[in-house]
Amino acid sequence: MENPNIIRFHLDGLKPYEPIDPPEVLGARVGVPPEKVIKLDGNENPYGCSPRVQRALGEAISYNIYPDPLNREVRQLLEGYTGFGSEYIAVGSGSDELIDNILRISLEPGDKVINCPPTFGMYPFSTQVNGGEIVNIERKPDYSIDVDAIESAIDSRTKVVFITSPNNPTGNLASEGEIIQLLKTNIWIVVDEAYYEFAKESVAQLVRSYSNLIVLRTFSKWAGLAGLRVGYGILSPEINEIIYRMKMPYNVTIAAQIAVRETFTDMEYIQSTIEAIITERQRLFDKLKEQGILDPIPSRSNFILCRVLKSNARQIKQDLENKGIFIRYFDNPLLDNMIRISVGKPEHTDAIIEALAEVR
Ligand SMILES: *Cc1c(COP(=O)(O)O)cnc(C)c1O
């Protein structure tokens, strides 16, 4: 069916984004019912969303009406949460949509985007979809970004640099000094703060002084709303105006809008789950360290990257999977024989420690 004369040339050989599968699919693979699956592969919130979200979604009657194309209510609520006016706030169907929109408004064919691996895979994927060229500037051995190398790599075709902070999957922050040095280059610096609530450090306030800074956040992780797809950006009103001109009009559903509203009425509950995850992060770290099969790397996020000391990453992934525990494993030059474990509930920590004790 594929007609080479019609499909755009730059999409030739595009590799699909490597997604994570839902519990039904994972469970079916190993014969475990979905409710028994221990899912520590997607950095999702193990406590789920606020119970108020679930109640409100069942009671709402407005699903027959199109959602607000200007996302007014969500932006209004985010004014209180971020301290920025609505004109600085863009809302997307997940922050993934905002990554795509940023590249759609900036890239001419062949323009360059700087990526700092090992990191989140969406930036190279979206760059390729939008006809851009990815330039990889590897992180240093301690996983900090190589600001000087990034600066040297910038040329007249470079439009955007993506920095994840805390980084996925390494869990470390970029410093404000590093971000300021990059901002002085005047190209767009996108700081992806998907895990901000677990690190409690942000560079967002710099958006007021640097109009080339775009900070991305999401409700997927801290608020437990990954399945409803809602993320946001904090960015200069000038760039935001372009996003609101070109974006898909009904990108944020009524359900997502209700979920955000209810989340903000239940912040005490959500905050308690964030604190539980931060506490559990330390307990998981200590237990892994003590066990000596994996070597955990300190994390400011809701996951822990580990070097594998005994056995190998693929084998451990497989052995855990057979017990219904799902994690991410890496086996590439930048993440050689490593495993990423999302922080779950205390019983998930206990299950993984027990399962690791039995790996071959
Ligand atoms: C999970 C994650 C996202 C996902 O955001 P959505 O809002 O769910 O699209 C974005 N960036 C990073 C680094 C992530 O790990």
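Structure first, text after, so check above.
Thresholds applied
Every residue gets a number counted from 1 within its own chain, in the order that chain's sequence is written. Local features in this predicted model are restricted to residues whose pLDDT is 70 or higher, and side-chain atom pairs enter the listing and the counts only when it is 80 or higher, whereas totals over whole chains, interfaces and linings include all residues. Each side-chain value is worked out from all heavy atoms of the structure, with water and hydrogens disregarded. Residue proximity to a molecule or strand is established when one non-hydrogen atom of the residue lies within 4 Å of it. Contacts described as polar in this section are N or O atom pairs within 3.5 Å, which, within protein, must combine one atom able to donate a hydrogen with one able to accept it, while residues neighboring in sequence count only if both atoms come from side chains. Where accessible areas are quoted, they stem from the Shrake-Rupley method and a 1.4 Å probe; at the residue level, only the protein chains shown are allowed to cover. Note: two strands are recorded as paired if DSSP finds a minimum of 2 bridges between them. Secondary structure elements follow DSSP: runs of H or I of four or more residues count as helices, runs of E of two or more count as strands, with numbering from the N terminus. Between N-to-C directions, angles span 0 to 180 degrees; the directions come from axes that are lines fitted to C-alpha atoms, helices contributing only their stretch in contact. Contacts are assigned to residue pairs that have any heavy atoms within 4.5 Å of one another. Under this scheme an angle from 65 to 115 degrees is roughly perpendicular, one under 35 degrees roughly parallel, and one over 145 degrees roughly antiparallel; angles in between are oblique. Each crossing is labelled by how the near helix is turned from the far one, with a counterclockwise turn of less than a right angle marking it left-handed and a clockwise turn marking it right-handed.

Caption draft 1: Expanded view of the site of the ligand. In the vicinity of the ligand, 14 residues are found, and the nearest of them are Ser95, Tyr195, Thr218, Ser220 and Lys221. Asn168 is positioned with one of its side-chain polar atoms (N or O) 2.9 Å from an oxygen atom of the ligand. A distance of 2.6 Å separates an oxygen atom of the ligand from a polar atom in the side chain of Ser220. When the ligand is considered free in solution it has 390 Å² of accessible area, and contact with the protein chains removes 94% of it.

Caption draft 2: Up close: the sheet that holds strand E2 (residues 89–92). Strand order in the open sheet formed by seven strands is E2-E8-E7-E6-E5-E3-E4, with mixed pairing between adjacent strands. Unpaired on one side and paired on the other, E2 and strand E4 (133–136) mark the two borders of the sheet. Across the sheet, the axes of successive neighbouring strands diverge by a mean angle of 25 degrees, strand direction being ignored. Across four bridges, strand E7 (residues 213–218) lies against strand E8 (residues 231–234) in antiparallel orientation. Counted as the bridge partner of Thr218 is Gly231 from E8. Seen against the sheet, helix H5 (residues 122–129) touches strand E3 (112–115), E4, strand E5 (158–164) and strand E6 (188–192) and runs at an angle of roughly 150 degrees to E4. Strands in contact with helix H9 (residues 237–246) are E2, E6 and E7; relative to E2, the strand with the most contacts, it is inclined by about 30 degrees.

Caption draft 3: View of the packing of helix H2 (residues 51–59) against helix H10 (residues 254–265). Contact geometry of H2 with H10 gives a least axis separation of 8 Å together with a crossing angle of 140 degrees. By the angle between their directions, the pair H2 and H10 is classed as oblique. Crossing handedness for the pair H2 and H10: right-handed. Packed against H2, whose contacting residues are Arg52, Val53, Ala56 and Leu57, the element H10 presents Ala255, Ile258, Ala259, Glu262, Thr263 and Thr265 at the interface.

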